[in-house]
Amino acid sequence: MTWQVLVHGPLVGIDERLSRALLDAVPRSLSERASDLGNLTVALPVLACAMGYAVWRGRRAAALHAGLAMAVVPLLVIPLKEWTARPGPLEPWAQGYYPSGHTATAAVAYFGAAFLVSDRLVPVAALLTAVTGTGLVLRGFHWPLDVFASLCLSLLVLGVSSSRTRRSSG
């Protein structure tokens, strides 16, 4: 997928057409609120509360692994943004939209919190992440491929983190 963005392959054309079709499909105030779920000021406190709960329950290592997973997000996303230099849907003069940092932040924070608190919260984490990514596309803050790439990247980070989190809780 990244190579398609780098060479402006056929997948990028489909991505751009899809984005134009979805732009402002809902009122902007709604899509902006949805995309805000990926802000650090929203997602990070959720993870921090879950980490505090895990520490209180004696799961210090699990909390540490979840926190480290969140710390890894910008270390992976920022270099990819710099490397791909993809312009935004509404700001063709700007660059650094691929992959979506907001989507990665939402996924790692909400799934990390769910893994720390209760597996029953995994569907809530999935919903919050999906709403974030959808809001970003509908508002025109990101292309669909930006969001999808972040989900893939987040799955990798979460896979490593959750295996460490679950191992440290046993």
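## Details of the packing of helix H4 (residues 40–56) against helix H5 (residues 60–84)
For step 1, the next point in the chain: Between H4 and H5, whose axes approach to 7 Å, the crossing angle comes to 160 degrees. If you check the angle between H4 and H5, you find them roughly antiparallel. In the packing of H4 onto H5, the handedness of the crossing is left-handed. In contact with Leu44, Leu47, Met51, Ala54 and Val55 of H4, H5 contributes Arg60, Ala63, Ala66, Gly67 and Met70.
For step 2, the next point in the chain: Of the residues belonging to the contact of H4 with H5, the class tally is eight nonpolar, one polar and one charged.

## Quick word on the packing of H5 against helix H6 (residues 101–117)
The geometry of a pair of packed helices is captured by two quantities: the angle between their axes and the separation between those axes.
For step 1, the next point in the chain: Here H5 crosses H6 at 170 degrees, and the two axes come no closer than 10 Å. Between H5 and H6, the angle is such that the two are roughly antiparallel. Each of Ala62, Ala63, Ala66, Ala69, Met70, Val73, Val77 and Lys81 in H5 lies in contact with H6, whose residues at this interface are Gly101, Ala104, Thr105, Val108, Ala109 and Leu116.
For step 2, the next point in the chain: Residues that form the contact of H5 with H6 fall into these classes: eleven nonpolar, two polar and one charged.

## Quick look at the packing of aromatic side chains
For step 1, the next point in the chain: Across all of its chains, the model carries two aromatic pairs by this definition.
For step 2, the next point in the chain: Ring geometry for Tyr53 against Trp56: centres 6.0 Å apart, planes inclined by 45 degrees, an arrangement best described as tilted. In this pair, Tyr53 and Trp56 are both assigned in helix H4, three residues apart and thus about one turn of the helix distant.
For step 3, the next point in the chain: For the ring pair Phe111 and Phe115, a centre distance of 6.2 Å and an interplane angle of 45 degrees mean the geometry is tilted. Highlighted residues: Phe111 and Phe115, both in helix H6, separated by four residues, approximately one helical turn. Both residues of the pair, Phe111 and Phe115, count as buried.

## Some details on helix H7 (residues 122–139)
For step 1, the next point in the chain: With 18 residues, H7 ought to run about 26 Å at 1.5 Å a step, and its terminal C-alpha atoms sit 26 Å apart, in line with that.
For step 2, the next point in the chain: Two residues or fewer past H7, Gly140 is found with a positive phi of approximately 90 degrees.

## Description of a nonpolar patch on the surface
For step 1, the next point in the chain: A cluster of nonpolar side chains, contributed by Tyr53, Trp56, Val117, Leu121 and Val124, occupies part of the molecular surface with about 480 Å² of accessible area.
For step 2, the next point in the chain: Within the fold, Val124 resides in helix H7.
For step 3, the next point in the chain: In this structure Val124 comes out as partly exposed when scored by relative accessible area, which is 41%.

Quick notes on the rules
- Residues numbered from 1 in each chain as written.
- Predicted model: local features only at pLDDT ≥ 70, side-chain atom pairs only at ≥ 80, totals over all residues.
- Heavy atoms only, no water.
- Axes fitted to C-alpha atoms, helices over the stretch in contact; angles between N-to-C directions.
- Helix = DSSP H or I, 4+ residues; strand = E, 2+ residues; numbered from the N terminus.
- Parallel < 35°, antiparallel > 145°, perpendicular 65-115°, else oblique.
- Left-handed = near helix turned anticlockwise from the far one by under 90°.
- Contact = heavy atoms within 4.5 Å.
- Nonpolar A, V, L, I, M, F, W, Y, C, P; charged D, E, K, R; others polar.
- Phe/Tyr/Trp six-rings, centres within 6.5 Å; stacked < 30°, edge-to-face > 60°.
- Buried < 20%, exposed > 50% of the residue type's maximum accessible area, 1.4 Å probe, protein only.
- Expected span 1.5 Å × (residues − 1).
- Patch = residues over 30% accessible without salt bridge, like charges linked within 9 Å, V, L, I, M, F, W, Y side chains within 5 Å.
- Areas by Shrake-Rupley, 256 points an atom, 1.4 Å probe, with all protein chains shown as cover.
- Salt bridge = Lys/Arg side-chain N within 4 Å of Asp/Glu carboxyl O.

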